[in-house]
Amino acid sequence: QVQLVESGGGLVQAGGSLRLSCAASGRLFSTGVMAWYRQAPGKQREVVAFISSGGSTSYADSVKDRFTISRDNAKNTMYLQMNSLKPEDTAVYYCNVLVRPNYWGQGTQVTVSS
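Residues numbered from 1 in each chain as written. Predicted model: local features only at pLDDT ≥ 70, side-chain atom pairs only at ≥ 80, totals over all residues. Heavy atoms only, no water.

Caption draft 1: Molecular detail of the sheet that holds strand E7 (residues 67–72). In spatial order, the strands read E1-E3-E8-E7; together these 4 strands make up an open sheet with antiparallel pairing. At either margin of the open sheet sits one strand with a lone partner, and together these are strand E1 (4–7) and E7. Mean inter-strand twist for the sheet, computed between neighbouring axes without regard to direction, equals 15 degrees. Relative to strand E8 (residues 77–82), strand E3 (residues 18–24) is paired through 6 bridges, and the arrangement is antiparallel. Bridging from a neighbouring strand, Ala23 pairs with Thr77 of E8. (Pairing = 2+ DSSP bridges. Helix = DSSP H or I, 4+ residues; strand = E, 2+ residues; numbered from the N terminus. Axes fitted to C-alpha atoms, helices over the stretch in contact; angles between N-to-C directions.)

Dropping the structure here:
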């Protein structure tokens with residue numbers, strides 16, 4: 001059984017901030033590249049950001065300069081700091097490996113009101 005437990009979501013007004021956390025199994029975390037995904041109503045799941053074991057990061061254009069991905073290798077934990085939130089950020093957020101994810105946690109709901 002793999003561990004992928006997302007937390008930190010909630011309801012926030014536009015312009016506000018949230019920090020999401022992801023507790024992952026060591027096996028998954030040691031794969032190297034971890035990612036945050038999101039799925040909005042009526043939309044496909046998309047990669048929001050990813051981070052390598054060495055700390056290199058990449059972001060979707062829609063969140064660049066607003067979100068920051070980070071990881072604590074000792075704790076097998078990944079984070080997503082979300083600032084300047086917009087209603088279009090509303091989605092269920094998931095964490096997983098970047099390459100061939102085959103198990104998904106329950107995600108955490110982020111709702112941004114206008």
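Caption draft 2: Summary view of the sheet that holds strand E4 (residues 34–39). With mixed pairing, the 6 strands of this open sheet are ordered in space as E2-E10-E9-E4-E5-E6. Across the chains shown, the open sheet's two edge strands, defined by having one partner strand only, are strand E2 (10–13) and strand E6 (57–59). Within the sheet, the average angular offset between the axes of one strand and its neighbour, ignoring direction, is 25 degrees. Pairing of E4 with strand E5 (residues 46–51), which is carried by 5 bridges, proceeds in the antiparallel orientation. By the bridge assignment for E5, Arg38 is matched with Glu46.

Caption draft 3: How the structure looks around the nonpolar core. Residues Trp36, Met78, Leu80, Met82 and Tyr93 are the most contacted members of the largest nonpolar core, which totals 28 residues. The set of elements that each furnish at least two residues to this core consists of E3, helix H1 (26–29), E4, E5, E7, E8, strand E9 (91–97) and strand E10 (108–113). (Core = buried A, V, L, I, M, F, W, Y, C linked by side-chain atoms within 4.5 Å. Buried < 20%, exposed > 50% of the residue type's maximum accessible area, 1.4 Å probe, protein only.)

Caption draft 4: How the structure looks around the packing of aromatic side chains. Using the criterion set out here, one finds 2 aromatic pairs in the structure. Both rings, one in Tyr37 and one in Trp104, keep their centres 4.9 Å apart while their planes meet at 85 degrees; by these two values the pair is edge-to-face. Taken as a pair, Tyr37 in strand E4 and Trp104 in the loop between E9 and E10 lie far apart in primary sequence, 67 residues in all. You can call Tyr37 buried: its relative accessible area is 6%. Each ring, one from Tyr94 and one from Trp104, has its centre 5.8 Å from the other, and the planes form 80 degrees; the classification is edge-to-face. Linking Tyr94 in strand E9 with Trp104 in the loop between E9 and E10, this pair joins segments that are 10 residues apart in sequence. Members of the aromatic cluster, each reached through a chain of ring pairs, are Tyr37, Tyr94 and Trp104. Just above the ring of Trp104 sits the side chain of Arg45; from NZ or CZ to the centre is 3.8 Å. Against the face of Phe29 rests Arg71, its NZ or CZ located 4.2 Å from the ring centre. (Phe/Tyr/Trp six-rings, centres within 6.5 Å; stacked < 30°, edge-to-face > 60°. Lys NZ or Arg CZ within 6 Å of the ring centre and 35° of its normal.)

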